[in-house]
Amino acid sequence: MRMRVVVAVAGLSDDKAKRRAMSTAYSLPGVESIVVDVKDQNRLTVTGVSGSLDPVKLTIALRKSCGFAELASVGPAEEPESKKAAADEKKKDSKMMF
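A brief look at the structure comes next.

Reading guide: rules and limits
- Residues numbered from 1 in each chain as written.
- Predicted model: local features only at pLDDT ≥ 70, side-chain atom pairs only at ≥ 80, totals over all residues.
- Heavy atoms only, no water.
- Helix = DSSP H or I, 4+ residues; strand = E, 2+ residues; numbered from the N terminus.
- Buried < 20%, exposed > 50% of the residue type's maximum accessible area, 1.4 Å probe, protein only.
- Contact = heavy atoms within 4.5 Å.
- Areas by Shrake-Rupley, 256 points an atom, 1.4 Å probe, with all protein chains shown as cover.
- Expected span 1.5 Å × (residues − 1).
- Core = buried A, V, L, I, M, F, W, Y, C linked by side-chain atoms within 4.5 Å.
- Axes fitted to C-alpha atoms, helices over the stretch in contact; angles between N-to-C directions.
- Left-handed = near helix turned anticlockwise from the far one by under 90°.
- Nonpolar A, V, L, I, M, F, W, Y, C, P; charged D, E, K, R; others polar.

We now examine the overall build of the protein chain. When its secondary structure is counted, the protein chain shows 3 helices and 4 strands. For the protein chain, with 98 residues in total, the buried portion stands at 30%. Within the protein chain, residue pairs in contact and separated by at least 24 positions form 60% of the contacts whose partners lie at least 6 positions apart. On the protein chain, roughly 6900 Å² of surface is accessible, and the fraction owed to carbon and sulfur atoms is 55%.

Here you go:
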C-alpha cells in the first residue's frame with residue numbers, strides 16, 4: 001500500500017481557519033493524517049492512500065472552505081527510519097544465505 005503526500009498552501013491566518021481546513025481535508029476519502037507546518041503556518045501536509053486520495057479534489061475543497069489554496073507538491077510519503085532499517089536488515093540477511 002503506497003502512500004502519497006499532498007502539500008496544499010492555504011490562507012491559514014488563525015486557529016478557526018486551521019480547524020476549518022483540517023476538517024475539510026479529513027472529510028475526503030483516503031486521508032490518513034494532516035500536519036500543519038510549524039515554521040510556515042500556511043502549509044498543510046496531507047498523507048493518505050495513493051489510490052483514493054485525489055490532490056485536485058483536495059485543493060478544490062480547500063478553496064471552497066478557506067478561500068485560497070494552491071497545490072505545492074505531490075509525491076510519495078517517506079518511510080519512518082525503523083521500517084527502513086528493518087527492510088535493510090532483511091535484504092542483508094537474504095544476501096548472506098546460500
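In this fold, L44 is placed in strand β3 (residues 43–49). Along the sequence, L44 and K18 sit 26 residues apart, while their C-alpha atoms lie 8.9 Å from each other.

Turning our attention to helix α2 (residues 55–66). In this model, α2 (12 residues) spans 16 Å end to end at C-alpha, consistent with the 16 Å of a helix rising 1.5 Å per residue. The positive-phi residue at the C-terminal boundary of α2 is G67, with phi of around 100°.

This paragraph deals with the nonpolar core. Counting residues in each nonpolar core, the largest one holds 16 residues, and the members touching the most others are A21, V31, I34, L44, V46, L58 and L62. Secondary structure elements with two or more residues in this core: β1 (3–10), α1 (15–26), β2 (31–36), β3 and α2. Residues within four places of L62 in sequence aside, it is in contact with A8, A21, T24, L44, G67 and A69.

Here we take up the packing of α1 against α2. Where α1 meets α2, the closest approach of the two axes is 9 Å, and the angle between their N-to-C directions is 145°. Between α1 and α2 lies a crossing whose hand is right-handed. Every residue of α2 that contacts α1 at A17, R20, A21, T24 and A25 is listed here: L58, A61, L62, S65 and C66. Broken down by class, the residue content of the contact of α1 with α2 amounts to 7 nonpolar, 2 polar and 1 charged.

Its place among the elements puts T24 in helix α1. By relative accessible area, T24 is classed as buried at 14%. If sequence neighbours within four positions are ignored, T24 has contacts with A61, L62 and S65.

A few words now on the environment of A69. The residue A69 is located in strand β4 (residues 69–76) in this model. For the pair formed by A69 and R43, sequence separation is 26 residues and the distance between their alpha carbons is 9.7 Å.

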